[in-house]
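Read off the chains here:
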Amino acid sequence: MLFAVRMDVDIPRDLDPAVREETVAREKAYSQQLQRAGEWRHIWRVVGRYSNISVFDVSSNERLHDILWGLPLFPYMTIEVTPLAAHPSQA
Ligand SMILES: O=C(O)C[C@H]1C=CC(=O)O1
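Residues numbered from 1 in each chain as written. Predicted model: local features only at pLDDT ≥ 70, side-chain atom pairs only at ≥ 80, totals over all residues. Heavy atoms only, no water.

Colleague: Teacher, can you tell me more about the site of the ligand here?
Modeller: Neighbouring residues of the ligand: Val9, Glu27, Lys28, Ser31, Trp40, Ile43, Arg45, Tyr50 and Asn52. Within the side chain of Arg45, an N or O atom sits 2.7 Å from an oxygen atom of the ligand. About the coverage of the ligand: the protein hides 88% of its 280 Å² of free accessible area. Most atoms of the ligand, that is more than half of them, are within 2 Å of grid points of the largest pocket. At the level of secondary structure, the elements contributing two or more residues to the shell around the ligand comprise α1 (17-37) and β2 (40-45). (Near = heavy atom within 4 Å. Polar contact = N/O pair within 3.5 Å; in protein donor to acceptor, adjacent residues only side chain to side chain. Areas by Shrake-Rupley, 256 points an atom, 1.4 Å probe, with all protein chains shown as cover. 1 Å grid on protein atoms, 1.4 Å probe; cavity = no way out; pocket = protein on both sides within 12 Å on 5 of 7 lines; lining within 4 Å. Sits in = over half its atoms within 2 Å of the grid points. Helix = DSSP H or I, 4+ residues; strand = E, 2+ residues; numbered from the N terminus.)

Colleague: Help me understand the layout of surface pockets in this model?
Modeller: Picture a little ball the size of a water molecule; that probe, rolled over the atoms, points out where space is still empty. As a volume, the largest pocket reaches approximately 240 Å³. As for the largest pocket, its lining consists of 14 residues, of which Glu27, Lys28, Ile43, Arg45 and Asn52 are closest to the centre. Listing elements by their share of the lining of the largest pocket, those giving two or more residues are α1 and β2. No other element matches the six residues that α1 contributes to the lining of the largest pocket. (Points joined across faces, edges and corners; volume = space filled by probe spheres on them.)

Colleague: Is there a simple way to explain the environment of Ser31 in this structure?
Modeller: Along the chain, Ser31 falls in helix α1. Here Ser31 falls in the buried class, since its relative accessible area comes to 7%. For the pair formed by Ser31 and Pro17, sequence separation is 14 residues and the distance between their alpha carbons is 21 Å. (Buried < 20%, exposed > 50% of the residue type's maximum accessible area, 1.4 Å probe, protein only.)

Colleague: What's the story with the pattern of salt bridges in this structure? I'm lost.
Modeller: Charged atoms that come close allow side chains of opposite charge to pair. If you walk through the whole model with that rule in mind, you get four salt bridges. As a salt-bridge pair, Arg6 and Asp8 come within 2.9 Å of each other at their nearest N and O atoms. Classification of Asp8 as partly exposed rests on a relative accessible area of 25%. (Salt bridge = Lys/Arg side-chain N within 4 Å of Asp/Glu carboxyl O.)

Colleague: Is there a simple way to think about helix α2 (residues 61-69) in this case?
Modeller: For an α-helix, 3.6 residues make a turn, and residues three or four places apart therefore share a direction. Among the residues of α2, Leu64, Ile67 and Leu68 are the ones counted as buried. When α2 is viewed along its axis, its buried side chains cluster within an angular range of 95° and face the same direction. Facing away from the buried side of α2, by more than 90 degrees, are the exposed residues Glu62 and Trp69. The secondary structure elements touched by the buried residues of α2 are β1 (2-9), α1, β3 (51-57) and β4 (77-84). (Arc of directions from axis to C-beta. Contact = heavy atoms within 4.5 Å.)

Colleague: Explanation requested: the side chain of Ser31 in the structure shown.
Modeller: A distance of 2.8 Å separates the side chain of Ser31 from the side chain of Gln35, its partner in a polar contact. Residue contacts for Ser31: discarding those within four places in its chain leaves Trp40 and Ile43.

Structure below.
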């Protein structure tokens, strides 16, 4: 099952810089592990924003929910999920 997911990140400016750095590092490792496993297919930066648009290929809605819930930056994100279906014009 394919999903497009937009993540808008808003880390509070007064968050301890060490906590920020450690959380962002954990987020990167978590993301790259899922990319290597094939569930996080694409990640693209949204130009000019602290946001990304990603494509996930997962077995179920529950699996995607678990992945998103587990994001270290989840408490600082607004997330929009769009389920994808094959387009009839795809060559
Ligand atoms: O930078 C971001 O867009 C937020 C987040 C999502 C994956 C990752 O490594 O960081």
